[in-house]
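# Observations on the three-dimensional arrangement
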Amino acid sequence: MSNLPTEAQVVIIGGGIGGASIAYHLAKRGVSDVLLLERDRLTCGTTWHAAGLVGTLWPTKNMTQLGAYSHRLYQELEAETGQATGYKRNGSISLAQTNARLEELTRTAEMARVFGVEVEVVDPRTLGELYPGIDTKDIVGGLHLPKDGQTNPIDVTMALAKGARMNGATVREGVTVTKILTDGDKVTGVETNKGTIRAKKVVLTGGMWSRDLAKQVGVVLPLFACEHYYVVTEAIPSLSSNLPIMRDLDHGVYFKEDAGKLLIGFFEDNANPLPMSKVPANFSFGELPYEFDHFEKYLARAMLRYPALEQVGISTFFNGPESFTTDNQHLMGEAPHLRNFFVACGFNSRGIGGAGGIGKVMAEWIDVGHPPMDVWESDCRRAMPFQGDETYLENRVAEALERSYAMHWPNYQYRSSRGIRKSPFYDRLVGLGAVHGEVAGWERPNWYAPEGAKREYEYSYQRQNWFPYSAEEHKCVRENVGFYDLTSLAKFKVTGPDAEAFLQRICCADIAVPAGKLVYTQWLNERGGIEADLTVSKFSDGDFMIATPCGSHVKDWSWLLRHVEQGENFEISDITDEFGVIALQGPNARAVFQKLTDEDLSADAFAFGTGRWMNAAGVRLWAQRISYVGELGWEIYIPASDALTFLNALLEAGEEFAIRSIGMHAVDALRLEKGFRHWGHDIVYEDNLIEAGLAFTAKPNKSVQFIGRDSFVAQKQAGIRGKRLICFLLKDPEPLLFHNEPILRNGKAVGHLTSGNYAHHLGGAIGMGYVVADEPVDEAFVANGDFAVQVNGRAVPAQASIKPFYDSTSMRMRA
């Protein structure tokens, strides 16, 4: 270790498959001054005992592309490096024991085909032919993915490390990183048991050890280790080496051929979390004690599926740690509040299949400063500060592991670690029948159960138990008046002499407006991609409030802080918890609100797109005329201490109008009828304003040049090309849409839905999604096409429209 470098351009912490892949891809990009540090030996943490499954099917288009890249890479590595990988493409099958599971798999297959995955829905007889010897009596169907594969995790990691060295990277084993070094908001290097190493960039790929190391520098990584069990049988005579991987989802079991034996692993519904206090400091190529009682029922299920196991011995009982995240998605990207500090961890038992693509994306992100595609579902900036709490994590990740093979129901709500963040209205709304969901830790009413109705979800791919109640809520907003809890909005205050100039630079819209005006705007990156979608309210000169969705809280707060320039004179504060927020919406919203105040709320006196401080129900509050559901209404910001007082007065004032409390399921359906976008679904940082139909917000000729202006101008000059966000309404009122359903034009797949719900006012399922074509996606293209949406094996005819289906002129909310 006398030749351990004292500085490097990039230091990577952790020698599992993730770290090796990032080192390999950085070196291949020409970033040769890369130093990979492993505390003991490569793969010694969790990579070495992974099952080695390499799937082609992932939850989103871009992650599916990364999975496909992993396959190509693992095929080519041996020829490139001379190091065998053990990769083979033997396919996989997934089994369904119920019609609901088969619908889930069918919908998944339809989505996958749009993403370029070769997949077929097959019957029980075909499944039996693909995997001779299984019992198919309880099977109703399944999936066959012929291009799925498997590999040897140790060999692949060694090949990646060798390839990294061949291209100039340095790999050092036996070096433990004890501290991450920083200077202000930048990383500067690491301290190790062998000395200090200065670095321009640091990448943490330490698996289950990552959370505690990141915590030292204030970075929250919500991951937690869980025990993961599998067994390996004795040799099985005549077992085919080309046997596909089999996922027996409803039994929580998977099967993999392994050198003439079967490796059988389990995803239990009662997983054992593993606190790091139970992991020895010198844990390396280690195993955990196994409890036969814990997985006995899963082994019994495996024998039911493959009866020959009853005559085969078990050579290995294995229990090892793997890290899981709170939502079963990776943690990737640059940390929100520490520049040049990157993470790639929390792989949720999918690290081997994902590592090739993850390494490629991370290498480009590290090298050029932004990801090559949208990976928001895995972006570490989605993590909330409270998610670093170990009690929260221990409870949540056990359920997350269970979710790996459990039914992926639409609108599923986690049961564990709930009640973290509640609005001041929470108890009062529970009294009104609220059934809460959770987003970013916030408890938000999703629907309201009438008296005597069951106050919990009954999951299904059909109309769930809350469907008729949400329909009534929807109708109430369109025809009368309703309110919903918007307290979860992240709220930032920007104040000071330079506040307006700062906001002008980061907002594409013109923020130089009179006091009391609201501005709907986006934040763009230099490439013209949409980084945020929000509202800016101008209280007075030099005094502004930003309101943005709760899921974007950390991301948008970080974006604000990162774009403050030296010498600017203003302050930024997070005021999220200072207000309870009620959205009062519907044709009778003015009549109800007017009963609470002496302010003139007429259209002339209180115009759409304006706000003011005012007194209502004896409370000083901020009210602004704006709507996310397309109706006359206000968003009302009440000091938290007075929030309940105001709500009680509102309920009393609205009684004569039969005012109703509204859940977020109805809100989502209402906004889709109106064609309003949702950041994270319909718009993300790889989409631009032209494609998303939001070019009207940008003002390129304003006095201050905003971030991304030049890219926006170039995109606008290029005009509408082969990608555009379109609204769809099914002509058949029965099918339901959720998201990711394929969009068909003249029988050909041209995209997939980014959002879906049921438009109760319009009488059918509704969605929006990007249509991609080799010609401009304009009015003529839409008018001349025969559109349909693929739903559970059926192409359902659909209306398509560039404009919203409901009130395209926005007259109702401006009334």
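In this report, we go over the structure that sits alongside the text. (Residues numbered from 1 in each chain as written. Predicted model: local features only at pLDDT ≥ 70, side-chain atom pairs only at ≥ 80, totals over all residues. Heavy atoms only, no water.)

## Here we look at the packing of aromatic side chains
Evaluated as defined, the whole model comprises 40 aromatic pairs. Where Tyr 131 meets Tyr 306, the ring centres are 5.9 Å apart and the plane angle is 85 degrees; that geometry is what we call edge-to-face. Of this pair, Tyr 131 sits in the loop between α4 (124-130) and β6 (141-145) while Tyr 306 sits in the loop between α7 (292-305) and β17 (314-325), and the two are 175 residues apart along the sequence. Residue classification places Tyr 131 among the buried positions, given a relative accessible area of 0%. Residue class for Tyr 306 comes out buried when judged on its relative accessible area of 7%. Plain terms: the ring middles of Phe 295 and Phe 317 are 6.2 Å apart, the flat faces sit at 40 degrees to each other, and that makes the pair tilted. Pair noted here: Phe 295 is in helix α7 and Phe 317 is in strand β17, with a separation of 22 residues, a long-range link. (Phe/Tyr/Trp six-rings, centres within 6.5 Å; stacked < 30°, edge-to-face > 60°. Helix = DSSP H or I, 4+ residues; strand = E, 2+ residues; numbered from the N terminus. Buried < 20%, exposed > 50% of the residue type's maximum accessible area, 1.4 Å probe, protein only.)

## Here's the deal with the sheet that holds strand β34 (residues 742-745)
The pairing of strands in a sheet comes from backbone hydrogen bonds and takes either a parallel or an antiparallel form. Within the closed barrel, the six strands sit side by side as β33-β36-β35-β34-β37-β38. Their pairing is antiparallel. Within the sheet, the average angular offset between the axes of one strand and its neighbour, ignoring direction, is 40 degrees. When strand β35 (residues 748-759) meets strand β36 (residues 764-772), the two strands line up antiparallel, connected through eight bridges. Within the sheet, the bridge partner assigned to Tyr 758 lies in β36 and is Ala 765. Packed on one face of the sheet, helix α16 (residues 664-673) meets β35 and β36 and runs near 130 degrees to β35. (Pairing = 2+ DSSP bridges. Axes fitted to C-alpha atoms, helices over the stretch in contact; angles between N-to-C directions. Contact = heavy atoms within 4.5 Å.)

## Brief notes about α7
Here α7 contains 14 residues, and its C-alpha end-to-end distance of 19 Å stays within 8% of the 20 Å for a straight helix at 1.5 Å per residue. All buried positions along α7 are accounted for by His 294, Phe 295, Tyr 298, Leu 299, Ala 302 and Arg 305. Where α7 is buried, its residues touch β4 (92-96), β12 (223-233), β13 (245-248), β14 (253-258), β15 (261-266) and β17. (Expected span 1.5 Å × (residues − 1).)

## Quick notes on unusual backbone geometry
For residues besides glycine, phi is generally negative; the peptide bonds are generally trans as well. Here the phi dihedral of Phe 285 falls at roughly 50 degrees; this positive angle occurs in a residue that is not glycine. Following the sequence through the fold, Phe 285 ends up in the loop between β16 (273-274) and α7.

It is worth stressing that arrangement in space is one thing and function is another; only the former is reported here.
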